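Listed below, chain by chain, are the residues.
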Amino acid sequence: MKVLKIGGSILTDKRRIGAARLGEIQRVADEIAVNPEDLVLVHGAGSFGHIPARRYGLPENFNPEGLRATHSSVVKLNDLVIDALCKAGVFAMPVHPFSCVLLRDGRIDSFALKPIEEMVRDGLLPVLHGDVAMDATRKAGIVSGDQIVTYVARALQAEVVAVGCNVDGVLFSGEPLRELTRKDLPSIEGALGGSAGVDVTGGMRGKLLEMLDLADAGIMSVIFNAGTEGNVLRALRGEPIGTMVRRPN
Ligand code: IP8
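Starting afresh in each chain, residues are numbered from 1 along the sequence in its written order. A pLDDT threshold of at least 70 governs which residues receive local features in this predicted model, and a stricter bar of 80 or more applies before side-chain atom pairs are shown or counted, although totals over entire chains, interfaces and linings include all residues. Only hydrogens and water are set aside; all other atoms, that is, all heavy atoms of the structure, feed into the side-chain values.

## Quick look at the pairing of strand β2 (residues 39-43)
Two faces, one strand: in a regular strand the side chains alternate between the faces of the sheet. Condition: Here's how the labels work: a residue is buried when its accessible area is under 20% of the maximum for its type, exposed when over 50%, partly exposed in between, all with a 1.4 Å probe on protein chains only. Where helices and strands are cited, they refer to DSSP runs of H or I of at least four residues and of E of at least two residues respectively, numbered from the N terminus. The rule for pairing is simple: two strands pair if DSSP sees at least two bridges between them.
The element β2 is extensively covered by neighbouring structure, given that 5 of its 5 residues are classed as buried. Residues Leu39, Leu41 and His43 of β2 are buried on one face, and the alternating residues Val40 and Val42, pointing to the opposite face, are buried as well. When strand β1 (residues 2-6) meets β2, the two strands line up parallel, connected through 5 bridges. Each residue of the ladder has a partner; that of Ile6, found in β2, is His43. Two strands pair when backbone bridges link them, and β2 and strand β6 (residues 125-129) are joined in this way by 3 bridges, in the parallel orientation. From the neighbouring strand, Val42 faces β6, where its bridge partner is Leu128.

## Side note on the sheet that holds strand β13 (residues 221-225)
What counts here: Contact definition: two residues touch when any of their heavy atoms are within 4.5 Å. With axes taken as lines fitted to C-alpha atoms, and helix axes fitted only over the stretch in contact, angles between N-to-C directions fall between 0 and 180 degrees.
The 8 strands lie next to each other as β3-β6-β2-β1-β9-β13-β14-β12, forming an open sheet whose pairing is mixed. Two strands in the sheet have a free side with no partner beyond their single neighbour: β3 (92-94) and β12 (179-180). Alignment of strand β9 (residues 160-165) against β13, held across 4 bridges, turns out to be parallel. Paired with Val163 across the two strands is Ile223, which belongs to β13. On the sheet, helix α4 (residues 64-87) packs against β2, β3 and β6 and is oriented at approximately 155° with respect to β6. Packed onto the sheet, helix α6 (residues 145-155) meets β1, β2, β6 and β9 and runs at close to 180° relative to β1.

## Topic: the nonpolar core
Note the cut-off: To qualify as a nonpolar core, a set must consist of buried Ala, Val, Leu, Ile, Met, Phe, Trp, Tyr and Cys residues joined through side-chain atoms within 4.5 Å.
Grouped together as the largest cluster of nonpolar side chains are 41 residues, with contacts concentrated most on Val40, Phe111, Val170, Leu208 and Ile223. Elements represented by at least two residues in this core include exactly β2, β4 (101-104), β5 (107-111), α5 (114-121), α6, β9, α7 (185-188) and α8 (203-216). For this core, the element with the most residues is α8, which contributes 6 residues. Within the second largest apolar cluster, 30 residues are counted, among which are Ala29, Ala45, Leu85 and Val222.

Written out as C-alpha coordinates, the structure is:
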(Lines give C-alpha, C1' and ligand atoms only; values in the text may rest on other atoms or scores of the structure.)
Protein backbone atom coordinates (compact mmCIF):
# COMPACT_ATOMS: atom_id res chain seq x y z
CA MET A 1 0.00 0.00 0.00
CA LYS A 2 1.25 3.50 -0.90
CA VAL A 3 0.19 6.82 0.58
CA LEU A 4 0.83 9.95 -1.47
CA LYS A 5 0.21 13.49 -0.31
CA ILE A 6 0.19 16.41 -2.70
CA GLY A 7 0.54 19.75 -0.97
CA GLY A 8 -1.97 22.53 -1.46
CA SER A 9 0.88 24.79 -2.60
CA ILE A 10 1.15 22.70 -5.77
CA LEU A 11 -2.57 22.53 -6.52
CA THR A 12 -3.51 26.12 -5.63
CA ASP A 13 -2.13 29.61 -5.35
CA LYS A 14 -2.00 29.79 -1.55
CA ARG A 15 -2.25 33.59 -1.56
CA ARG A 16 -5.64 33.78 -3.32
CA ILE A 17 -8.84 32.10 -2.14
CA GLY A 18 -10.24 29.47 -4.47
CA ALA A 19 -7.37 29.87 -6.94
CA ALA A 20 -6.84 26.39 -8.39
CA ARG A 21 -3.83 25.62 -10.59
CA LEU A 22 -5.74 23.48 -13.05
CA GLY A 23 -2.70 22.70 -15.22
CA GLU A 24 -0.75 21.42 -12.21
CA ILE A 25 -3.73 19.42 -10.95
CA GLN A 26 -3.96 17.68 -14.33
CA ARG A 27 -0.20 17.07 -14.54
CA VAL A 28 -0.18 15.45 -11.09
CA ALA A 29 -3.27 13.38 -12.01
CA ASP A 30 -1.59 12.21 -15.23
CA GLU A 31 1.51 11.12 -13.30
CA ILE A 32 -0.60 9.25 -10.74
CA ALA A 33 -2.49 7.57 -13.59
CA VAL A 34 0.70 5.71 -14.65
CA ASN A 35 0.68 3.74 -11.41
CA PRO A 36 -2.59 4.25 -9.47
CA GLU A 37 -2.88 0.78 -7.91
CA ASP A 38 -2.80 0.13 -4.19
CA LEU A 39 -2.73 3.84 -3.44
CA VAL A 40 -4.38 6.29 -1.04
CA LEU A 41 -4.12 9.91 -2.17
CA VAL A 42 -4.32 12.82 0.25
CA HIS A 43 -4.18 16.43 -0.86
CA GLY A 44 -3.68 19.64 1.02
CA ALA A 45 -6.33 22.31 1.28
CA GLY A 46 -4.29 25.18 -0.17
CA SER A 47 -6.07 28.49 -0.47
CA PHE A 48 -9.42 26.64 -0.50
CA GLY A 49 -8.92 25.75 3.17
CA HIS A 50 -6.32 27.95 4.82
CA ILE A 51 -7.81 31.29 3.78
CA PRO A 52 -11.41 30.61 4.97
CA ALA A 53 -10.08 28.91 8.13
CA ARG A 54 -8.02 32.00 8.96
CA ARG A 55 -10.91 34.32 8.07
CA TYR A 56 -13.28 32.55 10.51
CA GLY A 57 -10.69 32.18 13.27
CA LEU A 58 -10.47 28.38 13.01
CA PRO A 59 -9.40 26.26 14.76
CA GLU A 60 -9.25 28.50 17.88
CA ASN A 61 -12.89 29.66 17.67
CA PHE A 62 -15.86 27.34 17.26
CA ASN A 63 -17.77 28.85 14.37
CA PRO A 64 -20.47 26.78 12.63
CA GLU A 65 -20.61 29.08 9.61
CA GLY A 66 -16.82 28.97 9.33
CA LEU A 67 -16.85 25.17 9.53
CA ARG A 68 -19.45 24.90 6.79
CA ALA A 69 -17.80 27.46 4.53
CA THR A 70 -14.32 25.97 4.96
CA HIS A 71 -15.51 22.40 4.42
CA SER A 72 -17.52 23.23 1.32
CA SER A 73 -14.55 25.15 -0.09
CA VAL A 74 -12.09 22.23 0.35
CA VAL A 75 -14.68 19.88 -1.13
CA LYS A 76 -14.58 22.06 -4.29
CA LEU A 77 -10.81 21.54 -4.56
CA ASN A 78 -11.32 17.80 -3.98
CA ASP A 79 -13.86 17.77 -6.84
CA LEU A 80 -11.29 19.35 -9.17
CA VAL A 81 -8.70 16.73 -8.20
CA ILE A 82 -11.20 13.89 -8.70
CA ASP A 83 -12.25 15.30 -12.10
CA ALA A 84 -8.62 15.50 -13.25
CA LEU A 85 -7.96 11.92 -12.12
CA CYS A 86 -11.09 10.67 -13.88
CA LYS A 87 -9.96 12.49 -17.03
CA ALA A 88 -6.64 10.66 -16.71
CA GLY A 89 -8.52 7.34 -16.54
CA VAL A 90 -8.30 6.69 -12.79
CA PHE A 91 -11.35 5.53 -10.81
CA ALA A 92 -11.01 8.14 -8.08
CA MET A 93 -13.52 8.55 -5.26
CA PRO A 94 -13.81 11.36 -2.71
CA VAL A 95 -13.38 10.73 1.02
CA HIS A 96 -14.18 13.80 3.12
CA PRO A 97 -12.49 13.61 6.54
CA PHE A 98 -15.15 15.83 8.15
CA SER A 99 -17.55 12.88 7.84
CA CYS A 100 -15.25 10.09 9.04
CA VAL A 101 -12.67 11.57 11.45
CA LEU A 102 -13.05 12.53 15.11
CA LEU A 103 -10.31 14.56 16.76
CA ARG A 104 -9.36 14.73 20.43
CA ASP A 105 -7.26 17.75 21.41
CA GLY A 106 -6.52 18.36 17.74
CA ARG A 107 -5.24 14.84 17.04
CA ILE A 108 -7.09 12.06 15.20
CA ASP A 109 -8.88 9.91 17.76
CA SER A 110 -10.91 7.75 15.39
CA PHE A 111 -11.09 7.36 11.64
CA ALA A 112 -13.47 5.09 9.69
CA LEU A 113 -10.83 3.44 7.50
CA LYS A 114 -12.72 0.32 6.41
CA PRO A 115 -14.36 1.95 3.34
CA ILE A 116 -10.92 3.22 2.27
CA GLU A 117 -9.39 -0.25 2.54
CA GLU A 118 -12.30 -1.68 0.59
CA MET A 119 -11.93 0.94 -2.16
CA VAL A 120 -8.22 0.14 -2.58
CA ARG A 121 -8.95 -3.58 -2.64
CA ASP A 122 -11.58 -3.07 -5.35
CA GLY A 123 -9.42 -0.92 -7.63
CA LEU A 124 -10.70 2.52 -6.66
CA LEU A 125 -8.44 5.40 -5.64
CA PRO A 126 -9.64 7.08 -2.43
CA VAL A 127 -8.86 10.81 -2.46
CA LEU A 128 -8.74 12.45 1.00
CA HIS A 129 -7.83 16.00 1.91
CA GLY A 130 -7.05 18.40 4.72
CA ASP A 131 -10.38 19.40 6.27
CA VAL A 132 -12.22 20.71 9.29
CA ALA A 133 -13.28 18.01 11.74
CA MET A 134 -15.26 17.63 14.94
CA ASP A 135 -13.16 17.45 18.11
CA ALA A 136 -14.34 15.59 21.23
CA THR A 137 -12.65 18.11 23.54
CA ARG A 138 -12.54 21.34 21.51
CA LYS A 139 -15.81 21.09 19.56
CA ALA A 140 -14.08 21.40 16.20
CA GLY A 141 -10.65 21.69 14.68
CA ILE A 142 -8.57 21.28 11.59
CA VAL A 143 -7.08 18.03 10.43
CA SER A 144 -4.15 18.57 8.09
CA GLY A 145 -3.45 16.31 5.16
CA ASP A 146 -0.10 15.54 6.80
CA GLN A 147 -1.78 14.26 9.96
CA ILE A 148 -4.07 12.15 7.79
CA VAL A 149 -1.04 10.70 5.96
CA THR A 150 0.60 9.73 9.23
CA TYR A 151 -2.54 8.13 10.62
CA VAL A 152 -3.49 6.23 7.45
CA ALA A 153 0.08 5.10 6.71
CA ARG A 154 0.47 3.74 10.23
CA ALA A 155 -2.96 2.10 10.38
CA LEU A 156 -2.58 0.45 6.96
CA GLN A 157 1.16 -0.23 7.32
CA ALA A 158 2.10 1.58 4.11
CA GLU A 159 5.28 0.51 2.30
CA VAL A 160 5.69 3.79 0.41
CA VAL A 161 4.85 7.19 1.95
CA ALA A 162 5.58 10.24 -0.19
CA VAL A 163 4.76 13.80 0.76
CA GLY A 164 4.95 16.26 -2.11
CA CYS A 165 5.45 19.95 -1.48
CA ASN A 166 6.82 22.90 -3.47
CA VAL A 167 10.46 22.66 -2.37
CA ASP A 168 13.07 19.94 -2.94
CA GLY A 169 12.71 18.41 0.53
CA VAL A 170 13.74 19.64 3.97
CA LEU A 171 16.13 22.46 3.18
CA PHE A 172 19.18 23.30 5.24
CA SER A 173 21.30 26.22 4.04
CA GLY A 174 19.27 26.15 0.85
CA GLU A 175 20.05 22.51 0.07
CA PRO A 176 17.73 19.52 0.55
CA LEU A 177 18.91 17.07 3.21
CA ARG A 178 19.18 13.52 1.85
CA GLU A 179 17.86 12.03 5.05
CA LEU A 180 16.73 13.07 8.46
CA THR A 181 15.99 11.44 11.82
CA ARG A 182 14.56 12.85 15.06
CA LYS A 183 18.14 13.21 16.33
CA ASP A 184 18.81 15.86 13.65
CA LEU A 185 15.82 18.02 14.61
CA PRO A 186 17.51 20.31 17.20
CA SER A 187 20.28 21.26 14.77
CA ILE A 188 17.99 22.11 11.84
CA GLU A 189 14.88 23.41 13.60
CA GLY A 190 15.89 27.07 13.37
CA ALA A 191 16.24 26.79 9.60
CA LEU A 192 12.79 25.27 8.95
CA GLY A 193 10.64 27.62 6.93
CA GLY A 194 6.91 28.22 7.12
CA SER A 195 4.85 28.39 3.98
CA ALA A 196 4.33 31.09 1.36
CA GLY A 197 0.81 32.44 1.76
CA VAL A 198 -1.64 31.60 4.54
CA ASP A 199 -1.07 28.34 6.44
CA VAL A 200 -2.92 27.35 9.61
CA THR A 201 -1.31 23.92 10.01
CA GLY A 202 2.36 24.70 10.44
CA GLY A 203 4.12 24.68 7.05
CA MET A 204 7.29 22.57 6.70
CA ARG A 205 7.78 22.33 10.47
CA GLY A 206 4.32 20.80 10.97
CA LYS A 207 4.92 18.43 8.07
CA LEU A 208 8.26 17.25 9.39
CA LEU A 209 6.93 16.65 12.91
CA GLU A 210 4.19 14.43 11.44
CA MET A 211 6.72 12.46 9.38
CA LEU A 212 9.00 12.03 12.42
CA ASP A 213 6.03 10.57 14.32
CA LEU A 214 5.60 8.14 11.47
CA ALA A 215 9.31 7.29 11.52
CA ASP A 216 9.01 6.58 15.28
CA ALA A 217 6.43 3.95 14.32
CA GLY A 218 8.98 2.38 11.93
CA ILE A 219 7.54 3.80 8.69
CA MET A 220 9.88 5.74 6.43
CA SER A 221 8.68 8.58 4.24
CA VAL A 222 10.05 11.01 1.66
CA ILE A 223 9.37 14.73 1.46
CA PHE A 224 9.85 15.77 -2.18
CA ASN A 225 9.13 18.49 -4.70
CA ALA A 226 5.86 17.59 -6.43
CA GLY A 227 6.17 20.71 -8.58
CA THR A 228 9.00 19.11 -10.60
CA GLU A 229 7.67 17.18 -13.56
CA GLY A 230 8.08 13.42 -13.16
CA ASN A 231 8.66 13.49 -9.41
CA VAL A 232 5.21 12.20 -8.47
CA LEU A 233 5.84 9.21 -10.71
CA ARG A 234 9.31 8.67 -9.18
CA ALA A 235 7.94 8.97 -5.65
CA LEU A 236 5.24 6.38 -6.37
CA ARG A 237 7.93 4.01 -7.64
CA GLY A 238 9.68 4.41 -4.29
CA GLU A 239 12.73 6.11 -5.84
CA PRO A 240 14.90 8.07 -3.38
CA ILE A 241 14.01 11.69 -4.12
CA GLY A 242 13.90 14.65 -1.76
CA THR A 243 14.51 14.05 1.94
CA MET A 244 14.04 10.63 3.49
CA VAL A 245 12.64 10.78 7.03
CA ARG A 246 13.53 7.66 8.98
CA ARG A 247 14.10 6.24 12.44
CA PRO A 248 17.66 6.65 13.80
CA ASN A 249 19.81 3.47 13.64
O1 IP8 B 1 -3.46 21.93 3.74
C2 IP8 B 1 -5.53 22.05 6.12
O3 IP8 B 1 -4.95 20.94 5.48
P4 IP8 B 1 -3.46 21.02 4.91
C5 IP8 B 1 -7.05 21.97 6.15
O6 IP8 B 1 -3.12 19.61 4.51
C7 IP8 B 1 -7.75 23.26 6.29
O8 IP8 B 1 -2.57 21.52 6.02
C9 IP8 B 1 -9.20 23.20 6.30
C10 IP8 B 1 -7.16 24.41 6.40
